[in-house]
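# Residue-level structure breakdown
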Amino acid sequence: HELVRPRSYLEIGVETGATLAFAHAAERAIGVDPDASKLRRDLVPACAKVFHETSDAFFARQSRAQALGAHRLDFAFIDGMHWFEYALRDFIHVEAWSEPNGVVVLHDCLPLFPLCASRERQTKFWVGDVWKVVSILREHRPELRVKIVATAPSGLCIVRGLDPSSRVLSDRLDEIVARYR
């Protein structure tokens, strides 16, 4: 947030609101998380609105103009459902709402060990198979700038060079999901 200084911010997977709190300087911030039970309202910045629904439901119900007005997204953080197809759909929607010079960060892209990176949850610490999105982006969208940052506890993937008009991933979504599942 300090580097990007986003005017508009979207976070998928808010949980307590600890990362949403970093968006305090944004003009508009949106959080999406179906589970309101862990949210600490004291962490949610005044500029933020939190939607308690799945990201699929949010994007089906909201247009960019409804959610952001005239703004496009400068920065987004995707840390929702830990299956790759959910993270991929979230990326597709977020990119369509983004500025071309915007930044998308995906969490859980560098798992520590195979058991926590499995599709089905078998451990308390679980990142799922979100890490597959990195390969998908590199294969199907080589023009994107995709960088992995080895941060605790499970890495980040930073994506730049966005193209809000791209339909490559959405047009091939069923094929990609079938192949990577």
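Below, the structure is looked at part by part. This is a predicted model, so every value here is computed, not measured.

## Let's talk about helix H3 (residues 84-97)
For H3, with 14 residues, the first-to-last C-alpha span of 20 Å sits near the 20 Å given by 1.5 Å per residue. For H3, a buried count of 10 out of 14 residues is recorded, marking the element as mostly surrounded by other parts of the structure. Residues of H3 that are buried: Phe 84, Glu 85, Ala 87, Leu 88, Asp 90, Phe 91, Ile 92, Val 94, Glu 95 and Trp 97.

## So, the pattern of salt bridges
Applying the stated rule across the entire model yields 12 salt bridges. A salt bridge links Glu 15 to Lys 38, with the nearest nitrogen and oxygen atoms 3.5 Å apart. On the criterion of sequence distance, the pair formed by Glu 15 in the loop between strand E1 (8-12) and strand E2 (28-32) and Lys 38 in the loop between E2 and strand E3 (48-51) is long-range, its members being 23 residues apart. Its relative accessible area of 43% is what places Glu 15 among the partly exposed residues. Lys 38 gets classed as partly exposed once you look at its relative accessible area, which sits at 46%. Each of Glu 85, Arg 119, Asp 129, Lys 132 and Arg 181 takes part in salt bridges that share partners, so that together they form one network.

## Digging into the side chain of Ser 118
Here Ser 118 shows up in the loop between strand E5 (98-107) and helix H4 (132-140). Within the structure, the side chain of Ser 118 is placed 3.1 Å from the backbone oxygen of Leu 115, a separation counted as a polar contact. Those residues in contact with Ser 118 that lie beyond four places of it in its chain are Trp 126, Gly 128 and Asp 129.

## Details of H4
Within the span of H4, buried status applies to Lys 132, Val 133, Val 134, Ile 136, Leu 137 and His 140. Considering only its buried residues, H4 is in contact with H3, E5, strand E6 (145-149), strand E7 (156-160), helix H5 (168-171) and helix H6 (173-180).

## Side note on the environment of Gln 62
Mapped onto the elements, Gln 62 comes out in the loop between helix H1 (55-61) and helix H2 (64-68). Since its relative accessible area comes to 13%, Gln 62 is described here as buried. In this structure the C-alpha to C-alpha distance between Gln 62 and Gln 122, which are 60 residues apart in sequence, comes to 34 Å. Apart from residues lying up to four places away in sequence, Gln 62 is in contact with Phe 51, Ala 67 and Trp 97.

About the thresholds
- Residues numbered from 1 in each chain as written.
- Predicted model: local features only at pLDDT ≥ 70, side-chain atom pairs only at ≥ 80, totals over all residues.
- Heavy atoms only, no water.
- Helix = DSSP H or I, 4+ residues; strand = E, 2+ residues; numbered from the N terminus.
- Expected span 1.5 Å × (residues − 1).
- Buried < 20%, exposed > 50% of the residue type's maximum accessible area, 1.4 Å probe, protein only.
- Salt bridge = Lys/Arg side-chain N within 4 Å of Asp/Glu carboxyl O.
- Polar contact = N/O pair within 3.5 Å; in protein donor to acceptor, adjacent residues only side chain to side chain.
- Contact = heavy atoms within 4.5 Å.

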